[in-house]
Amino acid sequence: EKSKNARLSAVCALEKIRQKLSAAIAEDVVDSRLREFKGSTVVDLLLDCLSSSDISVRKAVVRILGIIGDERAAGALLRGCGDDRLRSCCLQAFRIMGEIVSPFLESEFPSAYEAERRIIAYLCGEMDLKGCEHLLKQGIIDPAPSVRKEAVIACGKLGLGGMIPGITGILDESDEDVREGAGIALARLAEHGREGV
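Residues numbered from 1 in each chain as written. Predicted model: local features only at pLDDT ≥ 70, side-chain atom pairs only at ≥ 80, totals over all residues. Heavy atoms only, no water.

Before we go on, may I ask you to explain the side chain of Ser102 in this structure?
Looking at the element boundaries, Ser102 is found in helix α7 (residues 101–108). Since its relative accessible area comes to 18%, Ser102 is described here as buried. With sequence-adjacent residues up to four places away left out, Ser102 is seen in contact with Leu129 and Cys132. (Helix = DSSP H or I, 4+ residues; strand = E, 2+ residues; numbered from the N terminus. Buried < 20%, exposed > 50% of the residue type's maximum accessible area, 1.4 Å probe, protein only. Contact = heavy atoms within 4.5 Å.)

Quick look at the structure:
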């Protein structure tokens, strides 16, 4: 629909219907058809709906964008992770999007703002993105302490034993939060290989 209000109502109604269906029926009746919108102008119309002030509407839009799986939504989802109310919803949408996420994060990281770089490092750990080791190597030497902390914690979550030398170097940091992150990472890495740590 050209009318934004009509689109917002449709998105909310569709999301409520999905929640009442079993996972198998939702996949067959709703999700498989939503994925047909990938690459279409519908994605642009849905992205426009993210400007709504209603958080429940924005959550519904994020869920539907995740199901569609169009790469154009990835930037909006990354920005959505900066909102505490939307973060878990955006994280779930990224998980549904699957294999397109790692290349997107890799390409975004070098030019992203500090807050976005921090979120990208967080996503690597939370989503178990083992292919993001190069990104995390950049993260642990990032100029921003908040990014370094998230990057080392992600290395621990992913069990990246090859990053131990870089992480131990961070133990001498002046920033207490970064040192704490390095300690958390090494404790997690010790679960995978105590001798290496």
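Okay, back to it.
Is there a simple way to think about the packing of helix α10 (residues 145–158) against helix α12 (residues 176–192) in this case?
Between two packed helices, both the angle of their axes relative to each other and the distance between the axes serve to describe the pair. It is the contact of α10 with α12, at a shortest axis distance of 7 Å, that shows an interaxial angle of 10 degrees. In this view, α10 runs roughly parallel relative to α12, as classed from their interaxial angle. On the side of α10, the interface is formed by Pro145, Arg148, Lys149, Val152, Ile153, Cys155, Gly156 and Lys157, while α12 contributes Asp177, Val178, Gly181, Ala182, Ile184, Ala185, Arg188, Leu189 and His192. Its residues assigned to classes, the contact of α10 with α12 shows nine nonpolar, three polar and five charged. (Axes fitted to C-alpha atoms, helices over the stretch in contact; angles between N-to-C directions. Parallel < 35°, antiparallel > 145°, perpendicular 65-115°, else oblique. Nonpolar A, V, L, I, M, F, W, Y, C, P; charged D, E, K, R; others polar.)

I would appreciate a short explanation of the pattern of salt bridges in the present structure.
In a structure, side chains of opposite charge can pair up when their charged atoms sit close to one another. Across all of its chains, the model carries 13 salt bridges by this definition. A salt bridge links Arg18 to Glu15, with the shortest nitrogen-to-oxygen separation between them at 3.6 Å. Taken together, the residues span about one helical turn, with Arg18 and Glu15 both in helix α1 (residues 4–20) at a distance of three residues. Since its relative accessible area comes to 18%, Arg18 is described here as buried. Of the residues examined, Glu15 reaches a relative accessible area of 4% and is grouped as buried. (Salt bridge = Lys/Arg side-chain N within 4 Å of Asp/Glu carboxyl O.)

Explain the layout of surface pockets to me, please; I cannot follow it from the model alone.
A probe matching the size of a water molecule, rolled over the atoms, marks out where space remains unfilled. Here the largest pocket is characterised by a volume of approximately 240 Å³. Elements that contribute at least two residues to the lining of the largest pocket include exactly α1, α3 (41–49) and α4 (55–68). Looking at which element gives the most residues to the lining of the largest pocket, the answer is α1, with four residues. Among the residues forming the lining of the largest pocket, the class breakdown is ten nonpolar, no polar and two charged. (1 Å grid on protein atoms, 1.4 Å probe; cavity = no way out; pocket = protein on both sides within 12 Å on 5 of 7 lines; lining within 4 Å. Points joined across faces, edges and corners; volume = space filled by probe spheres on them.)

What am I meant to see in the nonpolar core here?
Soluble globular proteins: nonpolar side chains tend toward being buried together. In this structure, Phe94, Leu105, Leu123, Leu136 and Ile167 are the most contacted members of the largest nonpolar core, which totals 64 residues. By residue number, the principal contributor to this core is α4, which donates eight residues. The contacts of Phe94, once residues within four sequence positions are left out, are Ala74, Leu77, Leu78, Cys81, Val101, Phe104, Leu123 and Met127. (Core = buried A, V, L, I, M, F, W, Y, C linked by side-chain atoms within 4.5 Å.)

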